[in-house]
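Breakdown of the fold
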Amino acid sequence: MILVLGGTSETHGLCRYLKDSNESYILTVATDYGEKQFKEFKENLCAKRLNKEDMKNLIALENIRLIVDLTHPYAFEVSKNAIGAANETQTKYIRYERDESDTSSLDVQTTDTHEEAAEIAK
């Protein structure tokens, strides 16, 4: 069984692949919004915030062999919990991180403060 920690657009692609491959998986999301976004996977969906102990229990209960972390880059706590649960249960953990956007071809202005950005926007 694979545990997919979802929330990003990449979650759809992975879950479709797993479903088409007849691979057993559980998709977790933390919010009601996430539950709505991934309703096509409702038979495999767990819409609940999981702490480290919850994840460890799920790993044991569902015989999870792999955790794939596709959460948002700012979802530090869930990734920290997943890494801890993976380490403590000796479960393989993979985190997908997007490449940084290449903005070199765009007219992009950077600022050091929100106030400076607001002034430029005016």
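One can find the structure itself at the top, above this paragraph.
Residues numbered from 1 in each chain as written. Predicted model: local features only at pLDDT ≥ 70, side-chain atom pairs only at ≥ 80, totals over all residues. Heavy atoms only, no water.

1. Re the overall build of the protein chain
Looking only at helices and strands, one finds five helices and five strands in the protein chain. The helix and strand sequence of the protein chain, counted from the amino end, reads β-α-β-α-β-α-β-α-β-α. Its C-alpha atoms give the protein chain a radius of gyration of 18 Å, clearly above 14 Å, the size a compact globule of 122 residues would have. For the protein chain, the spread of C-alpha atoms along the three principal axes comes to 55 × 30 × 25 Å. When the 122 residues of the protein chain are sorted by exposure, 32% land in the buried category. Residue pairs at least 24 apart in sequence account for 58% of intrachain contacts in the protein chain once pairs closer than 6 positions are excluded. When the accessible surface of the protein chain is summed, it comes to about 8,500 Å², and 48% of that surface belongs to carbon and sulfur atoms. Positive and negative side-chain charges of the protein chain, numbering 15 and 22 respectively, have mean locations separated by a distance of 8 Å. (Helix = DSSP H or I, 4+ residues; strand = E, 2+ residues; numbered from the N terminus. Rg over C-alpha atoms; globule rule 2.2 N^0.38 Å. Buried < 20%, exposed > 50% of the residue type's maximum accessible area, 1.4 Å probe, protein only. Contact = heavy atoms within 4.5 Å. Areas by Shrake-Rupley, 256 points an atom, 1.4 Å probe, with all protein chains shown as cover. Lys, Arg positive; Asp, Glu negative; His and termini not counted. Charge placed at Lys NZ, Arg CZ, Asp CG, Glu CD.)

2. Overview of the side chain of T71
Among the secondary structure elements, T71 is positioned in the loop between β4 (66–69) and α4 (76–89). Owing to a relative accessible area of 7%, T71 belongs among the buried residues under this scheme. Those residues in contact with T71 that lie beyond four places of it in its chain are L5, G6, T8, V78, S79 and R95.

3. Details of the sheet that holds strand β5 (residues 92–95)
An order of β3-β2-β1-β4-β5 is seen for the five strands of this open sheet, with the pairing classed as parallel. Taken across any chain shown, the strands that pair with only one partner, and hence form the sheet edges, are β3 (45–47) and β5. When the angles between neighbouring strand axes are averaged without regard to direction, this sheet yields 20°. Pairing analysis gives four bridges linking strand β1 (residues 2–5) to β4, with the strands arranged parallel. (Pairing = 2+ DSSP bridges. Axes fitted to C-alpha atoms, helices over the stretch in contact; angles between N-to-C directions.)

4. A closer look at the nonpolar core
Membership of the largest hydrophobic core comes to 13 residues, with the highest contact counts inside it found for I2, V4, C15, Y25, L27, F38 and F41. Contributing elements (two or more residues each) for this core: β1, α1 (10–20), β2 (25–29) and β4. Counting residues per element, this core draws most heavily on β2, at three residues. The residues touching V4, leaving out its near neighbours within four places in the chain, are T11, L14, C15, L18, I26, L27, T28, V68 and L70. (Core = buried A, V, L, I, M, F, W, Y, C linked by side-chain atoms within 4.5 Å.)

5. Observations concerning the layout of surface pockets
Size it by volume and the largest pocket reaches roughly 430 Å³. Taken together, 21 residues line the largest pocket, and the ones lying closest to its centre are G6, V29, A30, T31 and T71. For the lining of the largest pocket, the secondary structure elements donating two or more residues are β2, α2 (32–37) and α4. With three residues, the top contributor of residues to the lining of the largest pocket is α2. Among the residues making up the lining of the largest pocket, the classes are represented as 10 nonpolar, eight polar and three charged. For the second largest pocket, the calculated volume is near 180 Å³. In terms of lining residues, the second largest pocket is bounded by 13 residues, among which T71, H72, P73, R95 and E97 are the most central. In terms of residue class, the lining of the second largest pocket is made up of five nonpolar, four polar and four charged. (1 Å grid on protein atoms, 1.4 Å probe; cavity = no way out; pocket = protein on both sides within 12 Å on 5 of 7 lines; lining within 4 Å. Points joined across faces, edges and corners; volume = space filled by probe spheres on them. Nonpolar A, V, L, I, M, F, W, Y, C, P; charged D, E, K, R; others polar.)

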